Amino acid sequence: MALRLGSRICLRQLYNAQRRCLSMYYTESHEWVKVDGDKFRIGITDHAQAALGDVVFVELPELDTELDAGEEIGTVESVKAVGDVGCPLGGIVQAVNEQLLDKPGIVNSSPEDEGWIAELELTDSSALEDLMDKDAYEKFLADGA
Amino acid sequence: MAACVRQGKRAKVILSNVTNVYKNLALEHWILNNWSFSKFDCLLIYQNEPCVVIGRFQNTWREVNVNRAEMEGVSIARRVSGGGAVYHDLGNVNFSFFSDKPSHCPTRNLHFLSQTLNDRYQLLTDHNKRHDLHIGDKKISGSASRLIRRGSFHHCTLLVNSDLAALSGLLQGDITLKGTATASVPSPTTSLLAALSRDVIARPRDVITPHDIVDHVTEEYLSLYFESMPAMVDLWGEDCCQETENNVIIVEKVPDKIIDHHHQSYEWIFGKSPKFSKRFEVDDDSSVSVTVDKGLIKAIDGSESNELVGLRYDPDTISRSLARHHKKDVL
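Residues numbered from 1 in each chain as written. Chains lettered and ligands numbered in written order. Predicted model: local features only at pLDDT ≥ 70, side-chain atom pairs only at ≥ 80, totals over all residues. Heavy atoms only, no water.

A. Structural detail: the sheet that holds strand S3 (residues 51-54) of chain B. Residue and element names in this part refer to chain B. Pairing is mixed in the open sheet, where three strands are placed in the order S4-S3-S5. The sheet is open, and its two borders are formed by strand S4 (75-78) and strand S5 (86-88), each paired with just one other strand. Shown here is a sheet whose adjacent strand axes are inclined to one another by a mean of 25°, direction ignored. In this sheet, S4 lies alongside S3 in parallel orientation, the contact comprising four bridges. Counted as the bridge partner of Val52 is Ile76 from S4. The sheet strands contacting helix H1 (residues 21-34) are S3 and S4, and the helix crosses S4 at an angle near 20°. (Pairing = 2+ DSSP bridges. Helix = DSSP H or I, 4+ residues; strand = E, 2+ residues; numbered from the N terminus. Axes fitted to C-alpha atoms, helices over the stretch in contact; angles between N-to-C directions. Contact = heavy atoms within 4.5 Å.)

And the structure:
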């Protein structure tokens, strides 16, 4: 029994390690996360920016802020509404995209690339297994997310 | 567009008899954060004593005549939704429509309000793409929304018989401030009663009061739904609220546990103004740039070693200090 439990834990660690080397993952609240070893970047998805409309202000987190998975990392104001941005994984803020302070519209024009919001040092990757890869996220959207 | 009839869904109406803007905003925020709207929608209606309410990422000093507000005892508040600065007094009514995110639809809410007013009072109100209610080319209502993980609200003002002179005087801030804050979009504004007196509506009516509007909107809103949510017994205690026969909650006092004192703080009301700078003229041919962040002076002409650095931004204090130092330098 102990051996089987140990194997399961090993497999989970292996699975998460593999996921950390792969690319983009998505949350049900339409954030994306790009993991690169012990760092990750986050932003909002193309679906989110389209739903929000023209972004007019992005509140970025302070450097060195420590966050648990699911905690609010920033806020975005569009012409339609103010919405939260959640942090998909546990981490410590290392960099923020200061371009967004003067040009918040980059979130609309390039939400999953130049419109990144923050970069963090990964401290807790356990939520990774609950995130969707690109195919799963597209199916999630097609199903009426 | 026809209003959606929410067959099978319930609704809850809350009428606040409290007129303190900080307490009403706290109540609104608490409802958003603590209730789940998967099974019911909610409408909160409240009025405030004279105050100015700015949007989440606005610059307080840019949007509000802060000195005049202080002199006249007009409160300044910052809400959690976006949009521009608005003036509230007891001639204005605020409607806050809560729902889950899929049901969030300001257009539907405004269509409902517009139709309700038009049917009752033979008015010609309408709504536009900016989510304003208007009569003719004048705005009588502004809207904003807040979305969180499990819920949302869309709220709007309705100028019934507000003091329009006070409104325009208080919403004139310092437009020389430079920064990235969300700016208000000025629009010609009127109130329902002012529009009536100018005969721009189909048929003038005598009885358009906030009280009558609140009663009628409540009744019409509940008629859209399957039924009202049952009584929420002991929700906040008998000394705070009562429920009427049709399960409308009347709030006489906002419970202490709901009031968020942080939202009455300098750090929230002024300090959440995004970073900005202002140029102060020292004499005919020199000026000084003051940078402000979190409501505190961060630098004077790029230097952080000035005695003003770290103090709260107050343009009058800064002008006097700069003039004093300039005089010393000249001497």
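Structure's up, so let's keep going.
B. Broad picture of the packing of aromatic side chains. Residue and element names in this part refer to chain B. All told, the structure shown has 19 aromatic pairs over all chains when counted by the stated rule. Through successive ring pairs, a cluster of aromatic residues spans Trp30, Trp35, Phe37, Phe40, Phe98, Phe153 and Trp236. Looking at Lys278, its charged tip hangs above the ring of Phe280, at a distance of 5.4 Å from the centre. Sitting above the plane of the Tyr266 ring, Arg312 keeps its charged end 3.9 Å from the centroid. (Phe/Tyr/Trp six-rings, centres within 6.5 Å; stacked < 30°, edge-to-face > 60°. Lys NZ or Arg CZ within 6 Å of the ring centre and 35° of its normal.)

C. Spatial organisation of the interface of chain A and chain B. On the side of chain B, 17 residues touch chain A, which itself brings 18 residues to the contact. Note on chain A versus chain B: buried area summed over both sides is about 1300 Å², and carbon and sulfur give 50% of it. The largest share of the area that chain A buries against chain B comes from Phe57, Glu77 and Val82 of chain A, three residues that together contribute 40% of it. At the surface where chain A touches chain B, the tally comes to five salt bridges. Between Glu59 of chain A and Lys272 of chain B there is a salt bridge; the shortest N-O distance is 3.9 Å. Inspection of the chain A/chain B interface yields eight residue pairs in polar contact (both at pLDDT 80 or more). (Buried area = accessible area lost by both parts, 1.4 Å probe. Salt bridge = Lys/Arg side-chain N within 4 Å of Asp/Glu carboxyl O. Polar contact = N/O pair within 3.5 Å; in protein donor to acceptor, adjacent residues only side chain to side chain.)

D. Quick look at the environment of Tyr121 of chain B. Residues and elements named next belong to chain B. Following the sequence through the fold, Tyr121 ends up in helix H4 (residues 106-121). Judged by its relative accessible area of 3%, Tyr121 is buried. A C-alpha to C-alpha distance of 29 Å links Tyr121 and Asn20, two positions 101 residues apart in sequence. One polar contact links Tyr121 to Asp212, side chain to side chain, over a distance of 2.5 Å. A polar contact of 3.5 Å, which involves the side chain of Tyr121, links it to the backbone nitrogen of Ile213. (Buried < 20%, exposed > 50% of the residue type's maximum accessible area, 1.4 Å probe, protein only.)

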